[in-house]
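An overview of the molecular structure
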Amino acid sequence: MRDLSAAYGGADNPAVVADRASDADRDRALAELSKGFVAGRLTHETFTHRVDQALRARANAELFSLVSDLRRRRRFGAAAAAAWRRGLRSAERWLRGRPPALPLPTGTRDRFTIGRELGCDMTLADKTVSRWHASLERSPFGWLLDDLGSTNGTRVNGWRVTSPTLVRAGDLVTLGEVTFVLADRPR
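This text gives an overview of the structure that appears in the document. These numbers come from a predicted model, not from an experiment. (Residues numbered from 1 in each chain as written. Predicted model: local features only at pLDDT ≥ 70, side-chain atom pairs only at ≥ 80, totals over all residues. Heavy atoms only, no water.)

In this section: the sheet that holds strand E3 (residues 122–123). Spatial strand order, E3-E2-E4-E5-E8: five strands in an open sheet with mixed pairing. The two strands at the open ends of the sheet, each matched to only one other strand, are E3 and strand E8 (165–167). Where strand E2 (residues 111–115) lies against E3, two bridges are found, and the strand directions are parallel. Along E3, the bridge assignment pairs Gly 115 with Thr 123. (Pairing = 2+ DSSP bridges. Helix = DSSP H or I, 4+ residues; strand = E, 2+ residues; numbered from the N terminus.)

In structure tokens, the structure reads:
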């Protein structure tokens, strides 16, 4: 098995450009893309786009260009390491006990609010949840979850919500420190 960098030698090498990609080369590139995605170096959209390009690539130079930016090592500071540990503790809590289900709204209403305020459609009595924390809004594609400027943030499957995000049944939604699994129907 060849290492990708040794196999490609660089994108400006004419021999590399003419080097046809084999299935083994493609598999190595896909493995590196997977590692980059798991390490958080690629967004979901970038990962799926690059996988599609890797499956269509004909030359090793094309595969090399898809993984070349993943080769750099990053050093994490103390703040990033602490955030990583908090994320691991959250994952451990989730593994100990499955979070409660939050049913997606049914009916004709197009917008629902979630927060501590009694005026919200769903009220959560938790100090880490803001008074007006998040909203669910119906769109032609499904439900969009949006953070309403909360202090402790909103996350979908571990990713912070910074703009309206499409959510589906089975997604893990965290509001402050309160976590739910979205469901089609109440249990």
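Here we take up the pairing of strand E5 (residues 142–147). Note: strand E4 (residues 134–139) against E5, six bridges, orientation antiparallel. Within E5, the position partnered with Leu 136 by the bridge is Leu 145. Counting the residues between successive antiparallel strands, the hairpin from E4 to E5 contains two residues. Bridge count between E5 and E8: three bridges; the pairing is antiparallel. The residue bridging Leu 144 from the neighbouring strand is Leu 166, located in E8.

Turning our attention to the pattern of salt bridges. Oppositely charged side chains can pair when the atoms bearing their charge come close. In total, this model carries eight salt bridges according to the counting rule given. Between Asp 110 and Arg 138 there is a salt bridge whose closest N-O contact spans 3.1 Å. Here the residue Asp 110 occupies a position in the loop between strand E1 (101–103) and E2, and Arg 138 occupies one in strand E4, the gap between them amounting to 28 residues. In this structure Asp 110 comes out as partly exposed when scored by relative accessible area, which is 47%. (Salt bridge = Lys/Arg side-chain N within 4 Å of Asp/Glu carboxyl O. Buried < 20%, exposed > 50% of the residue type's maximum accessible area, 1.4 Å probe, protein only.)

Here we take up helix H3 (residues 23–38). Since one α-helical turn is 3.6 residues long, residues separated by three or four positions face the same way. Compared with the 22 Å implied by 1.5 Å per residue over 16 residues, the 22 Å span of H3 between its first and last C-alpha is a close match. Those residues of H3 lying buried are Asp 25, Arg 26, Arg 28, Ala 29, Glu 32, Leu 33 and Gly 36. Along H3, the residues classed as buried sweep out an arc of 160 degrees about the axis, all on the same side. Among the exposed residues of H3, those pointing more than 90 degrees away from its buried face are Asp 23, Lys 35 and Val 38. (Expected span 1.5 Å × (residues − 1). Arc of directions from axis to C-beta.)

Okay, the nonpolar core next. The biggest cluster of nonpolar side chains holds 18 residues, and the ones touching the most others in it are Leu 124, Leu 145, Val 167 and Leu 175. For this core, the secondary-structure elements that each account for two or more residues are E2, E4, E5, strand E9 (172–175) and strand E10 (178–183). Of all hydrophobic cores here, the second largest spans eleven residues; its members include Ala 21, Leu 33, Leu 42 and Ala 54. (Core = buried A, V, L, I, M, F, W, Y, C linked by side-chain atoms within 4.5 Å.)

So far we have only geometry, and geometry alone does not tell us how the molecule works.
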